[in-house]
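So the chains spell out like this:
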Amino acid sequence: MLQQSIPLTYTPKRLVKHPDQPYFYTIESDNNTLPPELREQLLADATGKTDETVLPAEDFGYPKGRGRWASCISVVDPLIEKRVLQTLNLTDNEAAVSIATVSFASQDNEVFLVVGTGKDMILSPRQFSSGFIYVYRFREDGREIEFIHKTTVDEPPMALAQFQGRLLAGIGKTLLSYDLGLRQLLRKSQADVASQLIVSIQTQGSRIIVGDVQQSVTYVAYKYESNKLIPFADDTIPRWTNCTTMVDYESVAGGDKFGNIWIVRCPQKASEEADEDNVGAHLQHAREYLHGSNHRLSLMTHFYAQDVPTSISKANLIVGGQDVLLWSGIQGTVGVFIVSFPSFPFS
């Protein structure tokens, strides 16, 4: 196995790929670390007052500061130049928390880079002053990004995803749909679909899978005619979700903070009912069950991974081979799950 590494500025949090070009875009952030503009200001104020030399950050790390965030967006070329092509530092004590590439239908399906940030964040207990969504345009076939505008939101958007020519954003417990405007993003629809905090969003067709930080996943149906987001199925077990991916149209695989990997499935009847009505009136007025949606998910399989999963995705590692579930752990684990078919029926 051939392995190569490209040094980054701060700790990487998320990574996305350009839809057409071989470039990656990462968001990086470090807590209790002085940002570049504050470091330069402190060095300028101390000029001539001390004889101490500035130690290289690659070896000794960046200067620390309580309550400060150092964060940036990097454009990485992993194939040809194998280096970071561009770095954009965030200011005003902001830290990037989510990233996605979105093709807006209102802009002739042009692809933009969308980044969610939080200002003055405290991890525990969770506090913040505001949240923002930045929009960048790709330049030079993706080698550079250009700032377009930013939109102020109520909370830091912990999850972003593309959905039918629009942007889906998980802001707190609310799922919102945005379109691109001239000066800021335009809100089109919203719904409270989670009980605590949305941390992941997966989409397929008109179906949206929302992962909650404490209450597993919720299935949401989007109705184009009424422009509504309607939750119709959720889980019975409170899973502290870290990552999710759709196995098929009705099944979702995910991992939680306690090292569990699981697959849940929506009932066939509930799935068909969610797709039948174009308006979604019966879903919207359906009776709630135990303070949740009117349908419950079924647990298909459960596995203890002995590591905390940080990402999971459905992939095909061999051309022509079957799809597998590829997952990574916080200790550096990389694992693969395959679907096993029994050679004989079980009694």
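Everything discussed here concerns the structure shown above.
Residues numbered from 1 in each chain as written. Predicted model: local features only at pLDDT ≥ 70, side-chain atom pairs only at ≥ 80, totals over all residues. Heavy atoms only, no water.

**Section: the overall build of the chain**
A tally of helices and strands in the chain yields 4 helices and 23 strands. Its C-alpha atoms give the chain a radius of gyration of 22 Å, within 12% of the compact-globule value 20 Å for 347 residues. In terms of overall dimensions, the chain has a C-alpha envelope of 80 × 50 × 40 Å along the principal axes. Residue burial in the chain is summarised as follows: out of 347 residues, 44% are buried. The contacts in the chain between residues at least 6 apart in sequence include a share of 53% that link residues at least 24 apart. A total accessible area of about 19100 Å² is found for the chain, and carbon and sulfur atoms account for 50% of it. In the chain, which carries 31 positive and 40 negative side-chain charges, the distance between the mean positions of the two groups comes to 4 Å. (Helix = DSSP H or I, 4+ residues; strand = E, 2+ residues; numbered from the N terminus. Rg over C-alpha atoms; globule rule 2.2 N^0.38 Å. Buried < 20%, exposed > 50% of the residue type's maximum accessible area, 1.4 Å probe, protein only. Contact = heavy atoms within 4.5 Å. Areas by Shrake-Rupley, 256 points an atom, 1.4 Å probe, with all protein chains shown as cover. Lys, Arg positive; Asp, Glu negative; His and termini not counted. Charge placed at Lys NZ, Arg CZ, Asp CG, Glu CD.)

**Comments concerning the packing of aromatic side chains**
Under the definition given, this model contains 11 aromatic pairs. When the centroid spacing of 5.9 Å and the interplanar angle of 65 degrees are considered together, the rings of F104 and F112 count as edge-to-face. Each member of the pair, F104 as well as F112, carries the same accessibility label: buried. Ring centres 5.9 Å apart and planes at 65 degrees place the aromatic pair Y136 and F147 in the edge-to-face group. Here the residue Y136 occupies a position in strand β7 (residues 130-139), and F147 occupies one in strand β8 (residues 144-153), the gap between them amounting to 11 residues. F147 sits in the partly exposed class, given a relative accessible area of 43%. (Phe/Tyr/Trp six-rings, centres within 6.5 Å; stacked < 30°, edge-to-face > 60°.)

**Here we look at helix α3 (residues 268-276)**
Working note: α-helix, 3.6 residues per turn, so residues spaced by three or four point in the same direction. Among the residues of α3, A270, S271 and A274 are the ones counted as buried. On an axial view of α3, the arc spanned by its buried residues comes to 100 degrees, and they lie on one face. Turned more than 90 degrees away from the buried face of α3 sit K269 and E276, all of them exposed. (Arc of directions from axis to C-beta.)

**Observations concerning a negative patch on the surface**
A cluster of acidic residues, E37, E40, D92 and D120, forms a negative patch on the protein surface. Its location among the elements puts E37 in helix α1 (residues 36-45). For E37, a relative accessible area of 33% puts it in the partly exposed group. (Patch = residues over 30% accessible without salt bridge, like charges linked within 9 Å, V, L, I, M, F, W, Y side chains within 5 Å. Salt bridge = Lys/Arg side-chain N within 4 Å of Asp/Glu carboxyl O.)

**Examining the environment of K188**
Among the structural elements, K188 can be located in strand β12 (residues 185-192). Given the relative accessible area of 36%, K188 is considered partly exposed. Spatially, the C-alpha atom of K188 lies 7.9 Å from that of N227, the residues being 39 residues apart in sequence.

**Considering the nonpolar core**
Counting residues in each nonpolar core, the largest one holds 17 residues, and the members touching the most others are Y25, I73, I99, L113, V115, Y136 and I145. Where this core is concerned, the elements lending two or more residues are β2 (24-33), β3 (64-77), β5 (94-104), β6 (110-119) and β7. Among the elements that make up this core, the one with the highest residue count is β7 (4 residues). Apart from residues lying up to four places away in sequence, I145 is in contact with Y25, I73, V75, Q86, L88, L113, Y136, R137 and F138. (Core = buried A, V, L, I, M, F, W, Y, C linked by side-chain atoms within 4.5 Å.)

**Notes on the sheet that holds strand β21 (residues 309-315)**
Taken together, 3 strands build an open sheet; the order of strands is β21-β22-β23 and the sheet is antiparallel. Because the sheet does not close on itself, it has two edges, and the strands there are β21 and β23 (334-337). On average, adjacent strands in this sheet sit at an angle of 20 degrees to one another, irrespective of strand direction. (Pairing = 2+ DSSP bridges. Axes fitted to C-alpha atoms, helices over the stretch in contact; angles between N-to-C directions.)

**Topic: the pairing of strand β11 (residues 174-180)**
In terms of residue burial, β11 counts as a mostly covered element, since 7 of its 7 residues are buried. Alternating residues of β11 divide into T174, L176, Y178 and L180 and L175, S177 and D179, and every residue in both groups is buried. When strand β10 (residues 166-171) meets β11, the two strands line up antiparallel, connected through 5 bridges. Its bridge partner being in β11, L167 is matched across the sheet by Y178. Counted along the chain from β10 to the antiparallel partner β11, the turn is 2 residues long, and its residue G172 has a positive phi close to 65 degrees. Both β11 and β12 contribute to a ladder of 7 bridges, which runs antiparallel. Its bridge partner lying in β12, T174 is registered against D192. Here β11 hands over to β12 after 4 residues, the two strands then running antiparallel side by side.

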